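# Topology and contacts: notes
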Amino acid sequence: MSAIRSRTGRIAIIATLIGILALTACAPRSGSDDLGLTPTPTPTESAPSNPAPASTCKNVEGEVQPSYSPISPDSIPAGGAVDAIRAQGVLRVGVSADTLLMGSRSPLTGQIEGFDIDVLHEISRAIFGDPNRLQFKVITSAQRLDVLTPGADGKTQVDIVARTMTINCARWETIAFSTEYYDAGQKVLVGADSDATSIDALSGKKVCAPASTTTLTRLQDEFPNVEAVSAATHTECLVLFQQGKVDAITGDDTILAGFAAQDPYAKVVGEPISAEPYGLGMPADKVELVQFVNGVLDRMRSDGTWTSLYTKWLSVLGPAPAPPVPVYGR
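Now for a look at the structure at hand. (Residues numbered from 1 in each chain as written. Predicted model: local features only at pLDDT ≥ 70, side-chain atom pairs only at ≥ 80, totals over all residues. Heavy atoms only, no water.)

With that settled, consider the overall build of the chain. Tallying secondary structure elements over the chain gives ten helices and 14 strands in all. In the chain, buried positions account for 51% of the 330 residues. Pairs at least 24 residues apart make up 74% of the contacts formed inside the chain by residues separated by at least 6 positions. (Helix = DSSP H or I, 4+ residues; strand = E, 2+ residues; numbered from the N terminus. Buried < 20%, exposed > 50% of the residue type's maximum accessible area, 1.4 Å probe, protein only. Contact = heavy atoms within 4.5 Å.)

Printed below as a string of structure tokens:
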């Protein structure tokens, strides 16, 4: 009887996830769409003489120093990257809509919410004096760099990506990062009845991770005894896991905590097998925007906003730690 209840419960969870995936694809966007704003064209910017450092990757943890004090709409100089965003009327952001606790679309309200999203609300507040001037573009992990790369018209699809993105040298070659705003760690999710206590105990098992992520790369390079399975998103990994097509999922602790909250038949095990410093991604030539964003993050660390957001979204991982200390390359 318990086995039947377990199977029935899993079927119900899978049906709910499929519904969420459909809602993510079909629900109307929030942000500027709800405001009824029509963004004006962004003024063309000339490339700065001091683009964000990329090639040497000597200071992966940090970026350029904040340039404004205090960070507020009144401190934005005319004619630069941040003023151009203010002129277009919205901050265009690339986000997840299926990463519970970090960036996911609520099945009740249709709004995208989470820790990453609230960080973006703070940046919107600093630019516009309004936390809700966000135009969301839902993207997969594999699309995070593409939407920050200029197209044939010289423009990028978004201004900032906030999608649990780890700062690393390979990405630093293509885009610019803010200072670290969250210190995540890669763990593994298994069935609640599994005896595995770490990824090392999953030899010969199928372990899922999203395509084009540091998680999948590490799984393939450092754990050759497991069978790596890729999926487009973390949520698709969860569906495969609940269908019994993979034995485990590996990913950042923030993401797996959200999965465990959705699935009572799953648990997160093991110590972190990596450090995953999250940064906000921006176009490589938008140094002024990086400086402004770093100023917002500095303010959030010092005035308690960061701690409040952690407590709101991530308390399932334990009491709020100290915010990541910014490290500036120059």
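There is more to say, and it comes next.
Attention now moves to the state of the cysteines. Under the defined criterion, the tally for this structure stands at one disulfide. At a sulfur-sulfur separation of 2.1 Å, the disulfide partner of Cys208 is Cys237. Its S-S torsion of approximately -75 degrees makes the covalent link between Cys208 and Cys237 left-handed. Of the two residues, Cys208 is situated in strand β9 (residues 206-210) and Cys237 in helix α7 (residues 234-242); the sequence distance between them amounts to 29 residues. Across this residue pair, the class does not change: Cys208 and Cys237 are buried. (Disulfide = S-S within 2.5 Å.)

Here we come to unusual backbone geometry. Unlike most non-glycine residues, Thr164 shows phi in positive territory, near 40 degrees. Tracing the backbone shows Thr164 in the loop between β6 (160-162) and α5 (169-172). The class for Thr164 is buried, based on a relative accessible area of 7%. Here the phi dihedral of Ser212 falls at roughly 60 degrees; this positive angle occurs in a residue that is not glycine. Within the secondary structure, Ser212 is located in the loop between β9 and α6 (214-222).

Inspection of the entire model under this criterion finds two cavities of 30 Å³ or more. Looking at the largest cavity, its volume works out to about 70 Å³. What lines the largest cavity is Ser141, Arg144, Thr164, Thr166, Arg171, Thr213, Thr214, Thr215, His234, Asp252 and Ile255. In terms of residue class, the lining of the largest cavity is made up of one nonpolar, seven polar and three charged. Of the voids in this model, the second largest cavity is the one considered here, and its volume is about 30 Å³. (1 Å grid on protein atoms, 1.4 Å probe; cavity = no way out; pocket = protein on both sides within 12 Å on 5 of 7 lines; lining within 4 Å. Points joined across faces, edges and corners; volume = space filled by probe spheres on them. Nonpolar A, V, L, I, M, F, W, Y, C, P; charged D, E, K, R; others polar.)

With that settled, consider the pattern of salt bridges. A full pass over the atoms with the stated rule returns twelve salt bridges. Between Glu222 and Arg218 there is a salt bridge; the shortest N-O distance is 3.7 Å. With a gap of four residues between them, Glu222 and Arg218 both fall in helix α6, about one helical turn apart. Residue Arg218 is classed as buried on the basis of its relative accessible area of 17%. (Salt bridge = Lys/Arg side-chain N within 4 Å of Asp/Glu carboxyl O.)

At their nearest, the axes of helix α3 (residues 81-88) and helix α9 (residues 287-302) sit 7 Å apart, and the two run at 85 degrees to each other. In terms of orientation, α3 lies roughly perpendicular with respect to α9. Residues Ala81, Val82 and Ile85 of α3 pack against Glu288, Leu289 and Phe292 of α9. Looking at the contact of α3 with α9 residue by residue, the class counts come to five nonpolar, no polar and one charged. (Axes fitted to C-alpha atoms, helices over the stretch in contact; angles between N-to-C directions. Parallel < 35°, antiparallel > 145°, perpendicular 65-115°, else oblique.)

Before going further, it helps to spend a moment on the side chain of Arg301. Along the chain, Arg301 falls in helix α9. A relative accessible area of 16% means that Arg301 is categorised as buried. With residues up to four places along the chain from it excluded, the contact list for Arg301 reads Thr179, Glu180, Trp306, Pro323, Pro324 and Pro326.

A few words on the nonpolar core. Across soluble globular proteins, nonpolar side chains show a tendency to be buried alongside one another. Formed by 44 residues in total, the largest nonpolar core has its most connected members in Phe115, Ile123, Ile160 and Leu280. At the level of secondary structure, the elements contributing two or more residues to this core comprise α3, β1 (91-95), α4 (115-128), β5 (134-138), β6, β8 (182-191), α9 and α10 (305-314). With eight residues, α4 is the largest single contributor of residues to this core. The contacts of Phe115, once residues within four sequence positions are left out, are Leu101, Met102, Tyr181, Tyr182, Trp306, Leu309, Tyr310, Trp313 and Leu314. (Core = buried A, V, L, I, M, F, W, Y, C linked by side-chain atoms within 4.5 Å.)

A few words on the sheet that holds strand β4 (residues 112-113). The antiparallel open sheet is built from three strands, whose spatial order is β2-β3-β4. Two strands in the sheet have a free side with no partner beyond their single neighbour: β2 (98-99) and β4. Alignment of strand β3 (residues 103-105) against β4, held across two bridges, turns out to be antiparallel. Among the inter-strand pairings, Arg105 is bridged to a residue of β4, identified as Ile112. (Pairing = 2+ DSSP bridges.)

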